[in-house]
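What follows is each chain in one-letter form.
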Amino acid sequence: MTSTRTAPETAQRVTVTVTDGVADVRLNRPEKRNALDPAMFEALVATGERLKTEEGVRAVVLSGAGPDFCAGLDFTSFQAMRDGERLSGLAALPPSDGPAQAAGQRAAYVWAELPVPVIAALRGNALGGGLQIALGADIRIVAPDARLSVFEVAWGLVPDMTGTQLLPELVGRDVAKVLTFTARTVGGEEAARIGLATYTADDPVAAALETAGRIAAQSPHAVRASKRLLDLAGRTDLATGFAEEQKEIGALIGSPNQVEAVAARFEKRAPRFTDS
């Protein structure tokens, strides 16, 4: 089944197409390299919040329309900063009880908050805030010639869209500091070597959609439980993590989708999972 959503809050800046359990989400401002402005922040948060409860969505692919993923903040934002203004504060967002509160933080972290896996597919530029949005994904597939940079210091700023907290988890504290202090641009191959990207692909969107399709074919309850557990690693003590493992496995054993997974494998057929 294929459906396209064009709700008012996402029609201009973000598009969403859901096919066979995979939500194809695209930043949609290619003429501006998908640069971030208040409308883009609003659309990203609105889209992520909606997908949290969208029935039938089992995986998400996040990419940019046109040749770039996202080149960072719109130039008008930097011009406003010279006068002490912060345009992201103009984004109209619903209240949040999560750890991310500022508009930029929520635009990035909402993807980490989704209960299903999110795969970012990066082509062209993923700079500054654009890179931080990708850090909210579970997996990052990048083109070999992509350009990634923690670019904020070049504008006299710091990464303030969750990057200071999420980047060290991926590349280590020292590498995160080098990338942040120098604003150096790295290519896709180097990004994969240092852990900034998961792996490279000549067509990262196609590779991301293929991976998302494989995920969507698995038991959605097992995948969601796995994401919850893996996101605890390093963020809680071992006793809590081990206890959560037992809670999740206890809920899965004998559940309809787990029974179907076993039956399908023994019967050598494709499983028929339910999302409810």
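Look up a bit, the structure's there.
Residues numbered from 1 in each chain as written. Predicted model: local features only at pLDDT ≥ 70, side-chain atom pairs only at ≥ 80, totals over all residues. Heavy atoms only, no water.

Draft legend 1. Just the sheet that holds strand β6 (residues 125–127), in detail. With mixed pairing, three strands are arranged side by side in an open sheet as β6-β8-β9. Two strands close off the open sheet at either side, each with one partner strand: β6 and β9 (185–187). Strand-to-strand, the axes of this sheet are offset by a mean angle of 20°, without reference to chain direction. Bridge analysis of β6 against strand β8 (residues 147–149) gives three bridges, and the strand direction is parallel. (Pairing = 2+ DSSP bridges. Helix = DSSP H or I, 4+ residues; strand = E, 2+ residues; numbered from the N terminus. Axes fitted to C-alpha atoms, helices over the stretch in contact; angles between N-to-C directions.)

Draft legend 2. Representation of the layout of surface pockets within the structure. Approximately 460 Å³ is the volume attributed to the second largest pocket. What lines the second largest pocket is a set of 19 residues, among which Ala137, Asp138, Leu230, Asp231 and Arg235 lie closest to the centre. Sorting the residues of the lining of the second largest pocket by element identifies α4 (103–113), α6 (163–171) and α10 (220–232) as the ones contributing at least two each. In terms of residue count, α10 provides more of the lining of the second largest pocket than any other element does, five residues in total. Of the residues contributing to the lining of the second largest pocket, the split by class is ten nonpolar, two polar and seven charged. (1 Å grid on protein atoms, 1.4 Å probe; cavity = no way out; pocket = protein on both sides within 12 Å on 5 of 7 lines; lining within 4 Å. Points joined across faces, edges and corners; volume = space filled by probe spheres on them. Nonpolar A, V, L, I, M, F, W, Y, C, P; charged D, E, K, R; others polar.)

Draft legend 3. Broad picture of the packing of α6 against helix α7 (residues 173–182). Contact geometry for α6 and α7: axes closest at 7 Å, N-to-C directions at 125°. When the interaxial angle is binned, α6 and α7 end up oblique. The chirality of how α6 crosses α7 is right-handed. In this structure, α6 contributes Leu167, Pro168 and Val171 to the contact, and α7 contributes Arg173, Asp174, Val175, Ala176 and Thr180. Split into classes, the residues belonging to the contact of α6 with α7 amount to five nonpolar, one polar and two charged. (Parallel < 35°, antiparallel > 145°, perpendicular 65-115°, else oblique. Left-handed = near helix turned anticlockwise from the far one by under 90°. Contact = heavy atoms within 4.5 Å.)

Draft legend 4. Examining empty space enclosed by the protein more closely. In the structure shown here, the tally under the stated rule is three cavities of 30 Å³ or more. Of the pockets and cavities examined, the largest cavity occupies roughly 40 Å³. Every residue lining the largest cavity is listed: Gly128, Leu131, Gln132, Leu135, Ser149, Val150, Pro159, Gly163, Thr164 and Leu167. When residues of the lining of the largest cavity are traced back to their parent elements, those giving at least two are α5 (129–135) and α6. When the residues that make up the lining of the largest cavity are grouped by side-chain class, the tally is five nonpolar, five polar and no charged.

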